[in-house]
Amino acid sequence: MSTLEIRGLEVTVDTDNGVVEILKGVDLTIKSGETHAIMGPNGSGKSTLAYSIAGHPKYTITGGTVTLDGADVLEMSVDERAKAGLFLAMQYPVEVPGVSVSNFLRTAATALRGEAPKLRTWVTEVKSAMEALNMDPAFATRNVNEGFSGGEKKRHEIMQLELLKPKMAILDETDSGLDVDALRIVSEGVNRAKEANNLGVILITHYTRILRYIKPDFVHVFANGRIVEQGGPELAEKLEANGYADYVSK
Amino acid sequence: MSVLTTNYLTPSGREEAWRFTPLKRLHGLHDGVAVISDRISLCVKNGLPKGVSFTREDLDPLAQSDDVIIERIRGASKSVSHLSIAANSEIAEPVFLSRSKGAVDTAEFSRVRITLGANARATVIVENTTDTVLAEDLEISLAPGSDLKFVTIQEFESKSVYTARHHAVIDKDAVFKSVTVTVGGDVVRILPTVEFIAPGASANLLGVYFATAGQFFEHRIHVDHAVPHAKSNVNYKGALAGQDAHTVWIGDVLIRAAAEGTDTYELNRNLLLSDGARADSVPNLEIETGEIIGAGHASTTGRFDDEQLFYLMSRGISVNDARRLVVRGFFNEIVLEIGDQVVQDRIMDRIDSELEKAASDV
Ligand SMILES: Nc1ncnc2c1ncn2[C@@H]1O[C@H](COP(=O)(O)OP(=O)(O)OP(=O)(O)O)[C@@H](O)[C@H]1O
Ligand SMILES: [Mg+2]
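In this report, we go over the structure that sits alongside the text. This structure is a prediction, so every number in the text was calculated from the model and none was measured. (Residues numbered from 1 in each chain as written. Chains lettered and ligands numbered in written order. Predicted model: local features only at pLDDT ≥ 70, side-chain atom pairs only at ≥ 80, totals over all residues. Heavy atoms only, no water.)

Quick word on the site of ligand 1
Residues and elements named next belong to chain A. Using the following cut-off: We call a residue near a given molecule or strand whenever any one of its heavy atoms falls within 4 Å of it. Under the rule applied, a polar contact is a pair of N or O atoms within 3.5 Å (in protein, one hydrogen donor and one hydrogen acceptor; residues adjacent in sequence only if both atoms are side-chain atoms). We count a stretch as a helix when DSSP gives it H or I for four or more residues in a row; a strand needs E for two or more, and each element gets its number in order from the N terminus. Under the scheme applied here, ten amino acids are nonpolar (Ala, Val, Leu, Ile, Met, Phe, Trp, Tyr, Cys and Pro), four are charged (Asp, Glu, Lys and Arg), and all others, including Gly, are polar.
Taken together, the neighbourhood of ligand 1 is formed by 16 residues, with Gly-43, Lys-46, Ser-47, Thr-48 and His-206 sitting nearest. Side-chain polar atom of Asn-42 to an oxygen atom of ligand 1: 3.0 Å apart, as the coordinates give it. One nitrogen or oxygen atom from the side chain of Lys-46 is found 2.8 Å from an oxygen atom belonging to ligand 1. Elements with a contribution of two residues or more to the shell around ligand 1: strand 1 (3–15) and helix 1 (46–54). The element contributing the most residues to the shell around ligand 1 is helix 1, with three residues. Classifying every residue of the shell around ligand 1 gives four nonpolar, nine polar and three charged.

In structure tokens, the structure reads:
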């Protein structure tokens with residue numbers, strides 16, 4: 001049983017026009033097995049929250065705490081956060097030229113498991129993870145995210161989620177860019193990871209459709225750098241109908 | 001050893017061709033001060049397949065050179081190490097040439113010729129190792145329809161100086177590909193040059209280099225499109241790390257008035273992995289006819305991409321491993337063109353260790 005606790009998180013980013021305040025005190029607690037959907041208007045700071053938890057160097061933490069089972073996440077380097085059990089499925093996965101998917105996955109698995117996975121079982125493991133997400137095994141020899149379509153990149157993220165078995169995952173708009181079939185396939189992948197590892201999930205999305213596949217326990221409305229309302233799944237339906245007007249005008 | 005009779009113009013460092021080169025570190029190769037030994041270090045490594053011979057003979061130069069060191073080499077000796085690949089032979093396995101032990105208190109003047117007969121196909125891999133002061137005039141002759149992959153690997157030890165011209169003369173419909181790897185030595189200055197003498201030929205000049213603290217590596221490419229319908233592509237990638245690591249890449253492509261239907265592109269990308277290193281990159285396209293298919297160039301110099309490192313590290317990969325992956329990935333596309341697994345692995349390992357060395361220097 002793990003707990004990811006975010007308290008009063010404040011984050012700024014350096015821009016050409018000076019320092020901009022983006023997160024203005026975010027409070028959120030996620031326990032193993034729970035799924036928290038975060039919905040909110042463009043530019044409200046959802047990805048900033050995701051990146052800040054993962055440790056992207058672009059963001060400066062100016063206040064608050066993030067802990068995983070009491071350990072100070074903000075003190076950890078990016079790779080230490082992954083080793084502690086955090087995973088970020090990115091809104092825009094990065095292309096890494098010249099690095100094959102199979103080499104990348106094996107290096108990551110070796111780092112996370114503390115030893116290189118046995119070659120025989122590893123090959124089968126990767127192959128079945130790919131098949132489960134309807135990915136052509138040929139992806140293993142391609143360079144990481146290079147030339148992948150938008151939807152292929154998202155599948156690749158969730159394949160990593162299944163292979164690397166984190167405790168807590170932040171899925172940043174994993175559903176954007178997926179066709180209807182892919183949405184179901186990817187959602188099933190997330191649900192498998194939830195079941196297999198009692199994964200805690202922060203699911204950032206703009207659409208209620210994915211919430212039909214991945215059932216949220218909580219829905220949070222994110223606006224202007226903080227969580228402005230929380231509720232159950234019914235809140236998502238309300239947002240779909242009414243938009244964010246009630247929240248952004250405040 | 002013949003007596004030098006010609007008066008050579010000693011470069012001062014102000015000439016365009018010499019403006020980057022640290023002349024003081026050339027052990028007198030450029031000004032005649034070097035003591036020339038009579039060692040001949042180039043040798044066959046694993047024996048020769050049928051259709052290939054390696055002999056010592058007197059040969060006139062294939063092409064003129066205005067490089068003063070090349071002139072000095074030619075003035076000193078007519079004798080050439082000649083690797084010859086017979087017409088119509090297809091050599092499946094690479095032919096390896098390597099170096100016997102060198103020395104740095106004396107210098108070697110080396111003349112080399114690689115000849116491909118008509119329609120011959122081969123891969124030649126030259127492994128430049130040892131600690132040496134070596135000036136080399138290497139010429140390659142591709143007869144019509146021949147196909148050569150020429151791999152030259154500078155893995156010299158740390159005191160070495162190597163100045164060379166690798167000049168290919170490419171006849172009708174011949175295909176020339178070179179992969180120039182420079183990862184070792186104190187000063188390495190190579191002139192990979194190409195001239196087309198009949199239509200329908202192509203040259204693909206690839207290279208990688210990695211300079212660490214104090215090393216100077218210069219690659220001065222020249223492609224001469226003097227005839228119609230030839231194709232050239234140049235792609236060199238370099239990495240630098242450490243105080244006073246310095247690389248120079250010059251890409252001169254000349255499309256003469258007669259060279260209608262030319263298609264050429266050149267690219268140089270540099271990865272600056274630390275402060276205190278300097279990468280000079282000068283693409284230079286001279287076009288004397290508008291009747292061409294294409295001509296372009298690009299040159300970039302950048303640092304580690306933070307987004308790439310972040311992505312890899314967010315999967316648990318340590319910063320050092322992430323850098324290693326990114327650097328390997330950067331060089332991969334060109335190293336793979338060598339086509340020999342053992343050599344490729346060795347170069348990738350060398351790149352890893354250069355990177356480690358650089359990381360521990362910082
Ligand atoms: N490097 C940066 N420079 C300037 N502004 C930035 C930078 N990074 C983030 N921002 C700004 O911070 C705000 C929050 O961005 P963020 O990406 O977190 O939004 P989001 O809620 O994920 O939006 P979306 O729904 O469109 O993905 C935006 O206004 C964005 O322009
Ligand atoms: Mg976003």
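Now that the structure is up, let's keep going.
So, the packing of aromatic side chains
We describe a pair of aromatic rings using the distance from one ring centre to the other and the angle between the two ring planes. Definition in use: Only Phe, Tyr and Trp rings are paired, with Trp represented by its six-membered ring, and only when their centres lie within 6.5 Å; those with planes under 30 degrees apart are stacked, over 60 edge-to-face, the remainder tilted. Throughout this description, buried means an accessible area under 20% of the type-specific maximum (1.4 Å probe, protein chains only), exposed means over 50%, and partly exposed covers the range between. Whether a charge sits over a ring depends on NZ of Lys or CZ of Arg being within 6 Å of the ring centre and within 35 degrees of the ring normal.
Evaluated as defined, the whole model comprises seven aromatic pairs over all chains. Centre to centre, the rings of Phe104(A) and Tyr311(B) are 5.7 Å apart; their planes meet at 25°, and the pair counts as stacked. Taken together, the residues span two chains, with Phe104(A) in helix 3 (residues 101–113) and Tyr311(B) in helix 2 (residues 306–313). The exposure class assigned to Tyr311(B) is buried, which follows from its relative accessible area of 0%. Through a chain of ring-to-ring contacts, the aromatic side chains of Tyr51(A), Tyr59(A) and Phe310(B) assemble into a single cluster. Of note, Lys45(B) hangs over the ring of Phe96(B), and the distance from its end group to the ring centre comes to 4.9 Å.

Considering the sheet that holds strand 1 (residues 42–44) of chain B
All names here are of chain B. Threshold: Note on pairing: two strands pair once DSSP finds at least 2 bridges between them. What counts as an axis is a line fitted to C-alpha atoms, over the stretch in contact for a helix, and the angles between N-to-C directions run from 0 to 180 degrees.
Pairing is mixed across the open sheet formed by nine strands, whose spatial order is 1-4-6-8-10-12-14-16-18. The sheet terminates laterally at strand 1 and strand 18 (294–302), the two strands that pair on one side only. Between one strand and the next, the sheet's axes are offset by a mean angle of 10°, whatever the strand orientation. When strand 10 (residues 175–184) meets strand 12 (residues 202–211), the two strands line up parallel, connected through eight bridges. Pairing of Ser-178 across the sheet is with Leu-205, part of strand 12.

Comments concerning the side chain of Asp352(B)
Put simply, the test is: Here, two residues are considered to be in contact whenever any of their heavy atoms come within 4.5 Å of each other.
Along the polypeptide, Asp352(B) turns up in helix 4 (residues 341–361). With near-sequence residues (within four places) excluded, Asp352(B) lies in contact with Arg324(B) and Arg328(B).

What about the interface of chain A and chain B?
Quoted interface sizes are often the accessible area lost when the parts come together. The criterion, for reference: By salt bridge we mean one thing: a side-chain nitrogen of Lys or Arg within 4 Å of a carboxyl oxygen of Asp or Glu.
Between chain A and chain B, the contact holds 32 residues from the first and 16 residues from the second. In this assembly, chain A and chain B are joined by one salt bridge. With its nearest N and O atoms 2.7 Å apart, the salt bridge here joins Arg315(B) to Glu157(A). Where chain A meets chain B, there are nine residue pairs in polar contact (both at pLDDT 80 or more). When residues of the side of chain A that touches chain B are traced back to their parent elements, those giving at least two are helix 1, helix 2 (78–84), strand 6 (86–89), strand 7 (96–100), helix 3 and helix 5 (150–164) of chain A. In terms of residue class, the side of chain A that touches chain B is made up of 20 nonpolar, eight polar and four charged.

So, the coordination of the magnesium ion (ligand 2)
The condition is simple: Water is not part of the atom set, so a site may look incomplete; the donors themselves are N, O and S atoms within 2.8 Å of the metal, or 3.2 Å for Na, K and Ca.
Of the protein atoms, only Ser47(A) (OG) and Gln91(A) (OE1) coordinate the magnesium ion (ligand 2), at distances of 2.0 to 2.2 Å. Of this pair, Ser47(A) sits in helix 1 while Gln91(A) sits in the loop between strand 6 and strand 7; the two residues are 44 residues apart in sequence, bridging distant segments of the chain.

So, the environment of Gln344(B)
Residue and element names in this part refer to chain B. Positionally, Gln-344 belongs in helix 4. Given a relative accessible area of 6%, Gln-344 falls into the buried group. Dropping the residues within four chain positions of it, Gln-344 is found in contact with Val-335, Leu-336, Ile-338 and Gly-339.

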